[in-house]
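Residues per chain, in single letters:
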Amino acid sequence: MSHKCMPIVMGHFAVLAWACAGTPPGPNSSGESKRPNVILVITDDQGYGDLGAHGNQMIKTPSMDRLWAESVRLTDFHVDPTCSPTRSALMSGRYSSRTGVWHTIMGRSLMAEEEETLAELFSAAGYRTGMFGKWHLGDNWPLRPQDQGFEEVVWHHGGGVGQGPDYWGNDYFDDTYEVDGTWQEFEGYCTDVWFEEATQFIERADQRPFFLYLSTNAPHGPFLVADRYSQPYRDAGVPETMARFYGMITNIDENLGRLRDLLEDRGLAEDTIFIFMTDNGSAAGSVARQKEEGSWRGYNAGMRGQKGSEYDGGHRVPCFISWPNGGIGGGRDLSILSAHVDLLPTLEELCLLERDGVLPVDGSSLAAELRTGAVERNDRSLIVHSQRVEHPVKWRKSAVMTERWRLVNGKELYDMQADPGQETDVSAANLAVVSTLRNDYESWWRSLEEVHGETVHIGLGGAEDPVELMSHDWHTKDRGTPWHQNHVRNGHVGQGPWAVDVARAGEYEVTLYRWPSHLEREMGMVEARLEIAGQEAQLQVEESDRSASFRMRLPLGPTRLHTTLTRPDGTVQGAYYTSVRWVGE
């Protein structure tokens, strides 16, 4: 693999971290406490049923299956039903909405700068930190992974390779990704690149323990992978889309096996906490039955719902944790109700990390349960929802969960012990349970109402200059946000403001583009308009112009940046791309 530079809680539903329990990290040869390495692998859109160890008779995942056999498996582990919310909760140990994230676009996938992330905790404890792959919590300062505690980063922008904020023309093969603030070309398939960069990170000479966050964009669509991974599934009768989806997972599996072999070869496996999980339910048509009329229909482990769903198939996912030297492993199931928010307090305890405590977490440490396997039934409840709107709507696509019950959308009640497929609503026969769970939700919602009225801002005049904005992060009132490169190619008509925060007062140059600036393509527009910080300006432009630039003095503080481009036929749209550069005092 080679690359080269290019110039281009409240009540009983939210519980804080439990007191330390179990054995701390052991001493090294000098008698000092030795902290374990930590590797967290998260795949994108791979559901609970999309691996062999969970009963899928078609997919081939020998490395994941081996990890399953050697780990403690959290069998009732939940995340949010979509990408960014899960990642914000994972990074912060707090409910996603509390961090400002409840969508994957529209400026609502941006995690608040103030959140204390896993990477920041590990960095403060003397770890070196690396992130490779998908971030999807903000592409601009101060929200980028390198702003949030990661020392080394190689990543694509937006929510997937080839989306609007990503480098133009990326298509999973021989792409251009950001490396510590600079776009660089890579050779090879995206997943292979992430794992190769992770391998180099591990092998780098450094005496510090490491935290590695390996976040693949696969098997998120578009479903692109070399034929050698997908063809065996076509030959077995799997429909084309799912054959490619499964092929992407098999490629991840192959890389996962090589990564674990590397740890063993370098003598690191025994003292590395290895976590494997996914970010939401399956996105490739996994239905509850396996075969029908000889054609493979997918496998969802008997669950209802898929990615985006409030039913368990949308948010119950695999989570395997192994740490041989820490007594975590052996192929055991742990059935306790758990979630993404629990991993930060769990790692905090296992690795002797220290939070500043300013922002209380919503998760609970599972360290003692992971080590002992002891499970006490508890009355804890957890809540997930799938909003995907500019402003959250109460009860929208929500699930209140206990170890026995699921209250869906505030109305439907399912007994998961008797009905794990969530087929029979038993709310009428269990009104007291419904009332209790509704009260839990009400308390949770009240705790979030203030955050729901706030907005996370992209910084101007700070560590990133110029700031390159993309319409993916417009705040719009409908679903017409042009978040993908195909929207740009097709001339999607839409507009909306970016929420920005001027960190340094002074003169700025704001340049509007129809296409990414480095393409140097004609805009095909006749007028450009800019609104920011109570100021408005407009320019008459030629269709052959490649951009429209404005200079304005901007005061400190948050504001909205709104652009307008007018086509020759009078159609009005926003500038998909806008560059903001600080000029001087």
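Residues numbered from 1 in each chain as written. Predicted model: local features only at pLDDT ≥ 70, side-chain atom pairs only at ≥ 80, totals over all residues. Heavy atoms only, no water.

Student: I'd like to hear about the nonpolar core, residue by residue, with values.
Tutor: Taken as a class, soluble globular proteins show a tendency for nonpolar side chains to be buried jointly. Core analysis: the largest hydrophobic core is formed by 46 residues, its most contacted members being Ile39, Tyr177, Trp194, Ile202, Leu212, Leu259 and Phe274. Elements that contribute at least two residues to this core include exactly β2 (37-43), α1 (62-70), β7 (176-179), α4 (190-203), β9 (210-215), α5 (227-235), α6 (240-265) and β10 (272-278). Looking at this core, the element that brings in the most residues is α6, giving eleven residues. Among the nonpolar cores identified, the runner-up in size contains 45 residues, and Phe122, Val153, Ile275 and Leu350 belong to it. (Core = buried A, V, L, I, M, F, W, Y, C linked by side-chain atoms within 4.5 Å. Buried < 20%, exposed > 50% of the residue type's maximum accessible area, 1.4 Å probe, protein only. Helix = DSSP H or I, 4+ residues; strand = E, 2+ residues; numbered from the N terminus.)

Student: Break down the sheet that holds strand β23 (residues 506-513) for me, with residues and values.
Tutor: Here we have four strands laid out as an open sheet, ordered β21-β29-β23-β26, and antiparallel in their pairing. On the outer flanks of this sheet lie β21 (467-470) and β26 (548-554), each paired with one strand and no other. Here the average twist between neighbouring strands, direction ignored, is 25°. Bridging between β23 and β26 involves seven bridges; their strand directions are antiparallel. Bridge pairing in β26 links Glu509 to Arg551. (Pairing = 2+ DSSP bridges. Axes fitted to C-alpha atoms, helices over the stretch in contact; angles between N-to-C directions.)

Student: Residues and numbers for the state of the cysteines, please.
Tutor: Here the structure, examined in full by the defined rule, presents zero disulfides. Free cysteine: Cys190, not disulfide-bonded; nearest cysteine sulfur from Cys83 at 14 Å. (Disulfide = S-S within 2.5 Å.)

Student: Break down α6 for me, with residues and values.
Tutor: One turn of the α-helix equals 3.6 residues, which is why residues spaced by three or four share an orientation. For α6, spanning 26 residues, the distance from its first C-alpha to its last is 37 Å, which sits close to the expected 38 Å at 1.5 Å a residue. Of the residues one or two after α6, Gly267 is the one with positive phi, at around 70°. (Expected span 1.5 Å × (residues − 1).)

Student: Account for the pattern of salt bridges, with residues named and values stated.
Tutor: As enumerated under the stated definition, the model contains 33 salt bridges in all. Glu390 is the partner of Arg108 in a salt bridge, and the nearest nitrogen-oxygen pair spans 3.3 Å. With Arg108 in the loop between α2 (83-92) and α3 (118-124) and Glu390 in the loop between β16 (382-385) and β17 (398-401), the pair connects residues that are 282 residues apart, well separated along the chain. Classification of Arg108 by relative accessible area gives buried; the value is 2%. (Salt bridge = Lys/Arg side-chain N within 4 Å of Asp/Glu carboxyl O.)

Student: Run through the pairing of β17, naming residues and quoting values.
Tutor: Covered by surrounding structure in β17 are Ser398 and Val400 together with Ala399 and Met401, the residues of both alternating faces. Inspection of the sheet shows β16 paired to β17 by four bridges, in the antiparallel sense. Each residue of the ladder has a partner; that of His385, found in β17, is Ser398. Pairing of β17 with strand β18 (residues 405-408) involves three bridges; the strand directions are antiparallel. For Met401, the partnering residue across the bridge sits in β18 and is Arg406. With antiparallel pairing between neighbouring strands as the criterion, β17 and β18 make up a hairpin whose turn holds three residues.

Student: Could you give an account of unusual backbone geometry, naming the residues involved and the relevant values?
Tutor: With an omega dihedral of 5°, the bond running from Trp141 to Pro142 counts as a cis peptide bond. By secondary structure assignment, the location of Pro142 is in the loop between β5 (128-134) and β6 (152-156). Of the consecutive residues Gly221 and Pro222, the connecting peptide bond is found in the cis state with omega at 0°. Residue placement: Pro222 occurs in the loop between β9 and α5. Look at His136: it is not a glycine, yet its phi comes out positive at around 60°. Judged by its relative accessible area of 5%, His136 falls in the buried class.

Student: So what's going on with the packing of α4 against α6? Residues and values would help.
Tutor: Where α4 contacts α6, the two axes come as close as 10 Å, and the packing angle between them is 10°. Taken as axis vectors, α4 and α6 run roughly parallel relative to one another. Seen from α4, the contacting residues are Thr191, Asp192, Phe195, Thr199, Ile202 and Glu203; seen from α6, they are Asn251, Ile252, Asn255, Leu256, Arg258, Leu259, Leu262 and Leu263. Looking at side-chain class alone, the contact of α4 with α6 contains seven nonpolar, four polar and three charged residues. (Parallel < 35°, antiparallel > 145°, perpendicular 65-115°, else oblique. Contact = heavy atoms within 4.5 Å. Nonpolar A, V, L, I, M, F, W, Y, C, P; charged D, E, K, R; others polar.)

Student: Explain the sheet that holds β16 residue by residue, including any values.
Tutor: Pairing is antiparallel across the open sheet formed by four strands, whose spatial order is β16-β17-β18-β19. On the outer flanks of this sheet lie β16 and β19 (412-415), each paired with one strand and no other. Between one strand axis and the next, the sheet turns by 20° as a mean value, whatever way the strands run. Strands β16, β17, β18 and β19 of the sheet are contacted by helix α10 (residues 431-452), whose axis makes an angle of about 65° with β18.

Student: Which residues make up the pairing of β2, and what values do they have?
Tutor: Counting buried residues along β2, seven of its seven residues qualify, which places the element largely inside the surrounding structure. With burial as the criterion, each face of β2 is covered, one bearing Asn37, Ile39, Val41 and Thr43 and the other bearing Val38, Leu40 and Ile42. The pairing of β2 with β10 spans seven bridges and is classified as parallel. Each residue of the ladder has a partner; that of Ile42, found in β10, is Met277. Taken together, the five bridges between β2 and β9 define a ladder with parallel strand orientation. Along β9, the bridge assignment pairs Val38 with Phe211.

None of this, on its own, says anything about what the molecule does.
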